[in-house]
Amino acid sequence: MRPPGIHDVLAAQRRTEELVVRTPATAYAELDARVRDAGAAGASLVVKHENLQHTGAFKVRGALNLLLGFDAAARERGIVAYSTGNHAQALAYAARRTGTRCTVVMPLDPNPVKERAVRALGADVVLAGATFDDARARAEQEAAATGARLVGAANEPALVAGVATVALELLQQDPGLDALVVPVGGGSGAAGACLVTAAVAPHVEVVAVQSAASPAAHDSWRTGGLVTRPNRTRAEGLAVGCGFELTQHVLRERLAGFLLVTDDDIARAQRLYLTAARTVAEGAGAAALAAVLADPERFAGRRVGVVCSGGNASEAELVRALRAE
Ligand SMILES: *Cc1c(COP(=O)(O)O)cnc(C)c1O
């Protein structure tokens, strides 16, 4: 499996341009003040608002890029995914926009909000298995039986090239960036940012962030292997238990640093988004801001792009964030 190159990212941008939101890249004086108070003297932030993307998260860019590359026969055979979160919503959305059959396997007793969202997008939902691994096994069977394409959450070059357009778009909107902070689950978003900066802005440092409660990608990067780790974060988008070959390969070559934050750091960053930027971020969406606040000296004096990757927070999650101390 070869990682995509900048030409694949440029092609993805052309291909998806009409179908994705060119999300705002916004500076907030109040956010800068808080980050400087925390120890990042002279830093300024630019928030890339993928929480305002279709389906409320950046993943739709990858899903559209993948499905727009399908021919008519492949769209008819369709896709199968197993996920309860933004990956499923992104694929269901892109499937509807491109006329592709889409089946999503969810574990029994899924989050009803997510299940409704995926059904509303017109995907067939199959409830199977008590756990995520059972759902995966069922999705594999479904794909084998129907000829549909099983779409994983990582190790998918077309998804990496698609989500890489976040970084490309941000650099077009704000060419003065010194650093880019990206949240990591499977690592597609961060790998995409690395591919883009390497090609068009090599002076920009890409820094990844993961929750310490689900550190598989971080530990894979630090050890140079592909490791499995406990996976207990509350931030759904970051809840991945193993490293993936494709994304780790890119991160090893190019990533400048990888930070871990706690779930409580993330909740505080969600609250700061609400109060200082009037922005709703889900946990994963607030992790990049949490990382700047957790390691402020690293970002002193620099112009920092923070990817607010998603906004699909539940009410309970927002209540918890507002109460975070
Ligand atoms: C999936 C997701 C992430 C992590 O992205 P990867 O490409 O899997 O590393 C971060 N934030 C949100 C909101 C997500 O949905």
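Now for a description of the structure that goes with this document.

Conventions and cut-offs
- Residues numbered from 1 in each chain as written.
- Predicted model: local features only at pLDDT ≥ 70, side-chain atom pairs only at ≥ 80, totals over all residues.
- Heavy atoms only, no water.
- Helix = DSSP H or I, 4+ residues; strand = E, 2+ residues; numbered from the N terminus.
- Rg over C-alpha atoms; globule rule 2.2 N^0.38 Å.
- Buried < 20%, exposed > 50% of the residue type's maximum accessible area, 1.4 Å probe, protein only.
- Contact = heavy atoms within 4.5 Å.
- Areas by Shrake-Rupley, 256 points an atom, 1.4 Å probe, with all protein chains shown as cover.
- Lys, Arg positive; Asp, Glu negative; His and termini not counted.
- Charge placed at Lys NZ, Arg CZ, Asp CG, Glu CD.
- Axes fitted to C-alpha atoms, helices over the stretch in contact; angles between N-to-C directions.
- Parallel < 35°, antiparallel > 145°, perpendicular 65-115°, else oblique.
- Left-handed = near helix turned anticlockwise from the far one by under 90°.
- Nonpolar A, V, L, I, M, F, W, Y, C, P; charged D, E, K, R; others polar.
- Salt bridge = Lys/Arg side-chain N within 4 Å of Asp/Glu carboxyl O.
- Near = heavy atom within 4 Å.
- Polar contact = N/O pair within 3.5 Å; in protein donor to acceptor, adjacent residues only side chain to side chain.

### Focus on the overall build of the protein chain
- Within the protein chain, the secondary structure is distributed over 15 helices and ten strands.
- The C-alpha radius of gyration computed for the protein chain amounts to 18 Å, which stays within 12% of the reference 20 Å derived for 325 residues, consistent with globular compactness.
- Its C-alpha atoms give the protein chain principal-axis dimensions of roughly 60 × 40 × 40 Å.
- Counting over 325 residues, the protein chain shows a buried share of 57%.
- The contacts in the protein chain between residues at least 6 apart in sequence include a share of 73% that link residues at least 24 apart.
- Accessible surface for the protein chain amounts to roughly 13000 Å². Of this, 49% is attributable to carbon and sulfur atoms.
- Positive and negative side-chain charges in the protein chain, numbering 34 and 34 respectively, have mean positions lying 2 Å apart.

### Things to note about the packing of helix H3 (residues 59-68) against helix H5 (residues 86-98)
- At a minimum axis separation of 8 Å, H3 and H5 run at an interaxial angle of 40°. Taken together, the axes of H3 and H5 lie oblique to each other. Crossing hand, H3 versus H5: right-handed. Of the residues in H5, those in contact with Lys 59, Val 60, Ala 63, Leu 64, Leu 67 and Leu 68 of H3 are Asn 86, His 87, Ala 90, Leu 91, Tyr 93, Ala 94, Ala 95, Arg 97 and Thr 98.
- Residue composition of the contact of H3 with H5, grouped by class: ten nonpolar, three polar and two charged.

### With respect to the pattern of salt bridges
- As enumerated under the stated definition, the model contains 14 salt bridges in all.
- Asp 174 serves as the salt-bridge partner of Arg 303, at 2.9 Å between the closest nitrogen and oxygen. Residue Arg 303 is found in strand E10 (residues 303-308), and its partner Asp 174 is found in the loop between helix H9 (165-173) and strand E7 (179-183); the two are separated by 129 residues along the sequence.
- The class of Arg 303 is partly exposed, set by a relative accessible area of 26%.
- Classification of Asp 174 by relative accessible area gives buried; the value is 12%.
- In this structure, Asp 265 engages Arg 268 in a salt bridge whose closest nitrogen and oxygen atoms are separated by 2.7 Å. Within this pair, Asp 265 and its partner Arg 268 are both found in helix H13 (residues 263-276), separated by three residues, close to a single helical turn.
- Residue class for Asp 265 comes out partly exposed when judged on its relative accessible area of 22%.
- By relative accessible area, which is 32% here, Arg 268 ends up partly exposed.
- One network of salt bridges, with partners in common, ties together Lys 48, Glu 50, Arg 61 and Glu 169.

### Focus: the site of the ligand
- Among the 15 residues in the neighbourhood of the ligand, the closest are listed as Lys 59, Asn 86, Gly 185, Gly 187 and Ser 309.
- Backbone polar atom of Gly 187 to an oxygen atom of the ligand: 2.7 Å apart, as the coordinates give it.

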